[in-house]
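# Structural overview
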Amino acid sequence: MRKAIIIGATSGIGQEVARLLVQKGWHIGIAGRREDALQCMQQANPGQIEIQCLDVTKDDAVLHLNELINRLGGMDLFFLSSGVGYQNRSLEPDIELNTARTNVEGFIRMVTAAFGYFKQTGGGHIAVISSIAGTKGLGVAPAYSATKRFQNTYIDALAQLSQMQRLNIRFTDIRPGFVATDLLKNGKYPMLMQTNKVALHIVKALKRKKRVVVIDGRYRLVVFFWRIIPRWLWERLPIKN
C-alpha cells in the first residue's frame, strides 16, 4: 500500500487531497494544528489514516513529523499544503512576519526534513502547494507573493541538489490560482476555483509525477501574460486582488 504524509490536511486543498488519496487506497498520515478535524477525518477511515497535531512554525514540528512517519510505517509521498496569505495594503509588520514564519521558516523546516528522510531511505516524492502569486510581486500582498516566489525557487534548488547528489527524489511544485479556501474568505476574487476540482487536478499531476503544475488552464494563460509584462509597466498596474 502506498503511503503519504499530508501536512495541512485539516481544511482546504490538503483535506481534499487526503480524501482522494484514501479513495484510491493510499495509507495516509495527516497533520495540522486542529486535533478535532484530524480525529474527525480518522474516524471516517480508521484503517487508512494516522494523525498527528503539528505546527510547522514550531521547533518540535520535525519531531512530530518523524513520529507520524514511524506510525505510518514510512512514506512514499510528502505533500505540504500548509500556508498562510493575507492582503496587507497597510503593510502591518506583524502580518508580513507571520506570513514569512509559516511560508518560509515552516516551509524550510518541513521540506528539508522530507528531503533528508528520502535521502536516507532511497527516494520518494516531495510535492508542495505554492501559488501563481509567486510569478510577480503583488502590491496588495507583499509577503504572500514574495514567500511563494521563495517556495518556487527553493524547490528548483532542491531538485538540482537531488540531481547533483544522484538521489531518487522527485519534486512537484503545484501553483493554483485563486481557490475557495478559508484564506480567501474575506475578499472578492475572479475565476475562483472549488477545492474539490483543484484537488482532482493535483492528484492527477502527482500520478504523472509532473514537475510544475499551474491550475488551471485559465491561470496558465494569466501566468503567461504576467511573465511578459515588463517591470516598469507591472509596477504601475492597479492590481487589487
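Summarised in this report is the structure supplied together with it. (Residues numbered from 1 in each chain as written. Predicted model: local features only at pLDDT ≥ 70, side-chain atom pairs only at ≥ 80, totals over all residues. Heavy atoms only, no water.)

### Points about helix H6 (residues 195-208)
The end-to-end C-alpha distance of H6, which contains 14 residues, comes to 20 Å, matching closely the 20 Å that a straight helix rising 1.5 Å per residue would cover. Looking at the buried side of H6, the elements it contacts are helix H1 (12-23), strand E4 (77-80), strand E5 (124-129), strand E6 (169-176) and strand E7 (212-215). Immediately downstream of H6, the backbone of Lys 209 shows phi near 60°, a positive value. (Helix = DSSP H or I, 4+ residues; strand = E, 2+ residues; numbered from the N terminus. Expected span 1.5 Å × (residues − 1). Contact = heavy atoms within 4.5 Å.)

### Here we look at the packing of aromatic side chains
Per the stated rule, a full pass over the model turns up 7 aromatic pairs. Consider the rings of Phe 178 and Tyr 219, whose centres lie 6.1 Å apart with planes at 90°: the pair is edge-to-face. With Phe 178 in the loop between E6 and H6 and Tyr 219 in helix H7 (residues 217-228), this pair connects stretches of sequence that are 41 residues apart. For the residue pair Phe 178 and Tyr 219, the accessibility class agrees, reading buried in each case. (Phe/Tyr/Trp six-rings, centres within 6.5 Å; stacked < 30°, edge-to-face > 60°. Buried < 20%, exposed > 50% of the residue type's maximum accessible area, 1.4 Å probe, protein only.)

### Quick notes on the side chain of Lys 148
Topologically, Lys 148 is positioned in helix H5 (residues 142-164). Buried charge without a salt bridge: Lys 148, with Asp 173 as the nearest opposite-charge side chain at an N-O distance of 8.2 Å. Among the polar contacts listed, one links the side chain of Lys 148 to the side chain of Gln 151, at a separation of 3.2 Å. Residue contacts for Lys 148: discarding those within four places in its chain leaves Asn 103, Ile 129, Ser 130, Ser 131, Ala 133 and Gly 134. (Lys, Arg positive; Asp, Glu negative; His and termini not counted. Salt bridge = Lys/Arg side-chain N within 4 Å of Asp/Glu carboxyl O. Polar contact = N/O pair within 3.5 Å; in protein donor to acceptor, adjacent residues only side chain to side chain.)

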